[in-house]
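Coordinate inspection notes
Each chain, written out:
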Amino acid sequence: MNMIKIGMIGLDTSHVIAFTKLLNDSKNDFHVPGGEVVVAYPGGSSDMELSYTRVEGFTNELRNDYGIEIVHSPEEVAEKCDAILLESVDGRVHLEQFRKIVSFKKPTFIDKPFATTTEEAREIQQLAKQYQTPIMSCSALRYAAGLSAVLEKTKAKNWIGMDCYGPLAIEPHHGLFWYGIHTVEMLYRVFGSGCQKVTVTTSADHDLIIGEWTDGRIGSVRGNRKGNNSFGALIHTEEGTEFVDISANKKPYYATLLEQIISFFNTGKSAISFEETLEITRFLEAANESRLSGKTVTL
């Protein structure tokens, strides 16, 4: 198998270090073979503290510890690689950055959140179709080993409901997109598309997001800001309820995600449909609307 030369765009998230460790260090216990990060563009958002305070440190670490070539534009990254990890932590810049690289036709993984409005998500997908550039986007929690194990165990059963939980820090420019994307991706891994309406109950410390699907299934996402940073879920079947403990499996969910990404880079085909990615964006957009208004919002 040929080694895929990977370029990174946006060095303002811890994902860039975690991914590079798993891809480039063959001695890592959870090394993911098949690709190597070789070039990167720092990027960064001047109006977002969690971006501009971190980009320099992560850029220096990639350059000094891993020998990654640092370039001055997204276009330079696209010219020097076979596939792209668009990692910018600020979902608002993904459309602008993708516009600059889409014509290179390199398979591109767009890290979460894919976009922060349905309109921008739809435009990214239209550009990808226009230039026939393969794209994929999801949270690492979608492919967490703990979740996959329970789904394998219950695959012959009828999944009738799901209750997810996890930390839900709020970032001013993203609202529920910031951490809500993780638990919502877990929910969609099981339920798939078809949510009809969303209702959010909120307080200073918690949010409860209820999604109602067209076939009558109800899925919930409980987010907390009280210090418990664990992710998990209950999956309900007609035969019983299974507990999903994301932390129970030693294999990090970044590794299971990268396995999916390397497969995508090799085939140019994402396991997640455009329609589902678009609906997840709309789900979180509607949840932000419901959180502010206190009303149920239709998708």
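Residues numbered from 1 in each chain as written. Predicted model: local features only at pLDDT ≥ 70, side-chain atom pairs only at ≥ 80, totals over all residues. Heavy atoms only, no water.

**Focus: the state of the cysteines**
Filter applied, for reference: The criterion for a disulfide is a pair of cysteine sulfur atoms lying within 2.5 Å.
Taken as a whole and assessed by the stated rule, the structure comprises zero disulfides. Cysteine Cys138 is unpaired, with the sulfur of Cys164 as its nearest cysteine sulfur at 15 Å.

**Notes on the pairing of strand 9 (residues 206-213)**
Note the cut-off: A 1.4 Å probe rolled over the protein chains alone gives each residue an accessible area, and that area as a share of the maximum for its type sets the label: buried under 20%, exposed over 50%, partly exposed in between. For helices the rule is a DSSP run of H or I covering at least 4 residues; for strands it is a run of E covering at least 2, with both sets numbered from the N terminus onward. Strand pairing is assigned whenever DSSP detects at least two bridges linking the two strands.
A one-sided burial pattern is seen for strand 9, the buried positions being Asp207, Ile209, Gly211 and Trp213 and the unburied ones His206, Leu208, Ile210 and Glu212. Pairing geometry for strand 8 (residues 195-202) and strand 9, over seven bridges, is antiparallel. Directly across from Lys197, in strand 9, lies its bridge partner Glu212. Hairpin connection between strand 8 and strand 9: a loop of three residues separates the two successive antiparallel strands. Pairing of strand 9 with strand 10 (residues 218-224), which is carried by seven bridges, proceeds in the antiparallel orientation. Counted as the bridge partner of His206 is Asn224 from strand 10.

**Remarks on the pattern of salt bridges**
Opposite charge on two side chains permits pairing when their charged atoms draw close. Going by this rule: We count a salt bridge whenever a side-chain nitrogen from Lys or Arg sits within 4 Å of a carboxyl oxygen from Asp or Glu.
Under the criterion given, the structure shown has 17 salt bridges. Residue Arg142 is joined to Glu276 by a salt bridge in which the shortest nitrogen-to-oxygen separation is 2.6 Å. Residue Arg142 is located in the loop between strand 6 (135-136) and helix 7 (145-153), and its partner Glu276 is located in helix 10 (residues 274-293); the two are separated by 134 residues in the primary sequence. Both residues of the pair, Arg142 and Glu276, belong to the buried class. A salt bridge links Glu285 to Arg282, with the shortest nitrogen-to-oxygen separation between them at 2.9 Å. Note that Glu285 and Arg282 are positioned in helix 10 at a spacing of three residues, about one turn of the helix. Residue Arg282 is classed as buried on the basis of its relative accessible area, which comes to 16%. Salt bridges here are not isolated pairs; linked through shared partners, they connect Asp47, Asp90 and Arg92.

**Side note on the nonpolar core**
Applied cut-off: Among buried residues, the Ala, Val, Leu, Ile, Met, Phe, Trp, Tyr and Cys ones that are joined through side-chain atoms within 4.5 Å form a nonpolar core. Two residues form a contact once any of their heavy atoms are found within 4.5 Å.
With 34 residues, the main nonpolar core has Leu147, Met162 and Phe283 as its most contacted residues. Residue assignment for this core shows that the elements contributing at least two residues are helix 7, strand 7 (159-167), helix 8 (177-191), strand 8, strand 9, strand 11 (232-237) and helix 10. Per element, the largest residue contribution to this core is eight residues, and it comes from helix 8. Apart from the residues lying within four places of it in its own chain, the contact partners of Leu147 are Leu141, Arg142, Met162, Met186, Arg189, Val190, Ile235, Val244 and Ile246. Membership of the second largest hydrophobic core comes to 31 residues, among which are Val16, Ala83, Leu85 and Tyr143.

**Observations regarding the layout of surface pockets**
Empty space among the atoms becomes visible once a probe the size of a water molecule is rolled across them. Our working rule: Think of a 1 Å grid over the protein atoms and nothing else: a 1.4 Å probe that fits but is trapped marks a cavity, an open set flanked by protein within 12 Å on at least five of seven lines marks a pocket, and residues with an atom within 4 Å of a point count as lining. Grid points are joined across faces, edges and corners, and a volume is the space filled by probe spheres set on the points.
Roughly 240 Å³ of volume is contained in the largest pocket. Those elements that provide at least two residues to the lining of the largest pocket are helix 8 and helix 9 (253-267).

**Topic: the pairing of strand 1 (residues 4-9)**
Along any regular strand the residues' side chains alternate between the sheet's two faces. Operational definition: A clockwise path from the first strand over the helix to the second, with the strands pointing away from the viewer, defines a right-handed crossover.
In terms of burial, strand 1 is largely enclosed, as five of its six residues are buried. Of the pairings in the sheet, the one linking strand 1 to strand 2 (residues 35-41) comprises six bridges and is parallel in character. Residue Gly7 lies in a different strand from strand 2, and its bridge partner there is Val39. Handedness of the β-α-β unit built from strand 1, helix 1 (residues 15-24) and strand 2 comes out right-handed. Where strand 1 and strand 4 (residues 83-86) come together, four bridges link them in parallel fashion. When the bridges of strand 4 are listed, Met8 appears paired with Leu85.

**Some thoughts on the environment of Ser51**
Its location among the elements puts Ser51 in helix 2 (residues 49-52). Sequence separation between Ser51 and Leu85 is 34 residues; the distance between their C-alpha atoms is 17 Å. Ser51 has contacts with Asp12, Gly44, Ser45 and Val89, leaving out every residue within four places of it along the chain.

**Some points on the packing of aromatic side chains**
This is how the line gets drawn: For this analysis, a ring pair means two rings from Phe, Tyr or Trp (six-membered ring only for Trp) whose centres lie within 6.5 Å, classed as stacked if their planes differ by under 30 degrees, edge-to-face if by over 60, and tilted for the remaining angles. Should the NZ of a Lys or the CZ of an Arg lie within 6 Å of a ring centre and within 35 degrees of the ring normal, that charge is described as sitting over the ring.
Counted under the stated rule, the structure contains seven aromatic pairs. Ring plane angle 85° and centroid distance 5.7 Å describe the contact between Tyr188 and Phe283, whose orientation is recorded as edge-to-face. One end of the pair, Tyr188, is in helix 8; the other, Phe283, is in helix 10, with 95 residues separating them in the sequence. Side by side, Tyr188 and Phe283 carry an identical accessibility label, which is buried. In textbook terms, an aromatic cluster arises when at least three aromatic residues are bridged by ring pairs, as seen for Tyr188, Phe191, Trp213 and Phe283. Between the NZ or CZ atom of Lys112 and the centre of the ring of Tyr179, over which it lies, the distance is 6.0 Å.

**Description of the sheet that holds strand 13 (residues 297-298)**
Threshold: Angles here are taken between N-to-C directions and fall from 0 to 180 degrees, while the axes themselves are lines fitted to C-alpha atoms, restricted in helices to the stretch in contact.
Sheet architecture is open: seven strands sit in the order 12-11-7-10-9-8-13, paired in mixed fashion. With partners counted over all chains shown, the strands left at the sheet margins are strand 12 (241-245) and strand 13, one partner each. For strand 7 and strand 11, the ladder comprises six bridges, and the chain directions are antiparallel. Residue pairing across strands places Cys164 opposite Ala233, the latter belonging to strand 11. Of the strands in this sheet, strand 7, strand 11 and strand 12 are in contact with helix 7, which crosses strand 12 at around 160°. The strands touched by helix 10 within the sheet are strand 8, strand 9 and strand 13, with strand 8 carrying the most contacts at an inclination of about 40°.

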